[in-house]
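# What the coordinates show
The chain contents come next:
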Amino acid sequence: MFTYTYPAYEKYLVEFIGTFFLVLTVGMSLVEPGAVGDLALAYGRLARQEATCRGPARILVGNGEPSIVIRGQPGRGGRATHLALAMAREIAGLPAVTFLAAGTDDRDGATEACGAVVDGATWARAEDAGLDPAWALERYDTEAPLKALGCLVRGPGRSNLLDLHLLAIGSA
């Protein structure tokens, strides 16, 4: 289970071109190694908390490789696309919040992508398009809805380091 309170974890703030970067590392104070779903809940709580704060735009940077336990016959997807779609549900309705989850090796499980970028409108757009994002999460079939919405990302990555998580919060 992930827990966080501001005094309970280390944060590294750097001001860069008017944007604050908060570095979070999976396996350190804020987030511990665990399931993708638990990580989405933790990032979601943080996004809601940060979205209500006044201040400049900021980017929270996380990394690590959370686990995902697949039950049954999965569809196409990987832990980054699964985390991104789970985050779309967590940040649904937050107007100035965007999240990216991507692998550094240009591949996310059985997908054409290294991950996906979602925002506060992604979940509603998926439902409006009849893509049933909740079913996609249950079936571990996250590539199709994210691809249909244009959320998949590809990169030139060739090194297999850690997954990258970026949570961008617009200025209030």
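Thresholds, definitions, all that
- Residues numbered from 1 in each chain as written.
- Predicted model: local features only at pLDDT ≥ 70, side-chain atom pairs only at ≥ 80, totals over all residues.
- Heavy atoms only, no water.
- Buried < 20%, exposed > 50% of the residue type's maximum accessible area, 1.4 Å probe, protein only.
- Helix = DSSP H or I, 4+ residues; strand = E, 2+ residues; numbered from the N terminus.
- Pairing = 2+ DSSP bridges.
- Patch = residues over 30% accessible without salt bridge, like charges linked within 9 Å, V, L, I, M, F, W, Y side chains within 5 Å.
- Areas by Shrake-Rupley, 256 points an atom, 1.4 Å probe, with all protein chains shown as cover.
- Salt bridge = Lys/Arg side-chain N within 4 Å of Asp/Glu carboxyl O.
- Lys, Arg positive; Asp, Glu negative; His and termini not counted.
- Charge placed at Lys NZ, Arg CZ, Asp CG, Glu CD.

### Some points on the pairing of strand β7 (residues 163–169)
- Only one face of β7 is covered, namely the one carrying D163, H165, L167 and I169; the face carrying L164, L166 and A168 has none of its residues buried.
- Relative to β7, strand β3 (residues 58–64) is paired through 7 bridges, and the arrangement is antiparallel. Looking at the pairing, N63 lines up with L164 of β7.
- When strand β4 (residues 97–102) meets β7, the two strands line up antiparallel, connected through 6 bridges. Paired with V97 across the two strands is I169, which belongs to β7.

### Let's talk about the pairing of strand β5 (residues 115–119)
- Note that β4 and β5 share 5 bridges and pair antiparallel. When the sheet's bridge partners are listed, L100 is paired in β5 with V117.
- In the sheet, β5 pairs with strand β6 (residues 152–153) via 2 bridges, with the strands oriented antiparallel. Considered in β6, the bridge of G115 is made with V153.

### Remarks on unusual backbone geometry
- Its identity is not glycine, yet D132 carries a phi of approximately 50°, on the positive side.
- Within the element layout of this structure, D132 appears in the loop between α3 (122–128) and α4 (133–138).
- With a phi angle near 55°, Y140 is a residue other than glycine that sits in the positive phi range.
- Residue placement: Y140 occurs in the loop between α4 and α5 (143–148).
- Residue classification places Y140 among the buried positions, given a relative accessible area of 13%.

### Focus on a negative patch on the surface
- Judged by side-chain charge, E127, D128, D132 and E138 come together as a negatively charged surface patch.
- Structurally, E138 can be placed in helix α4.
- Relative accessible area serves as the criterion here: at 60%, E138 is assigned to the exposed category.

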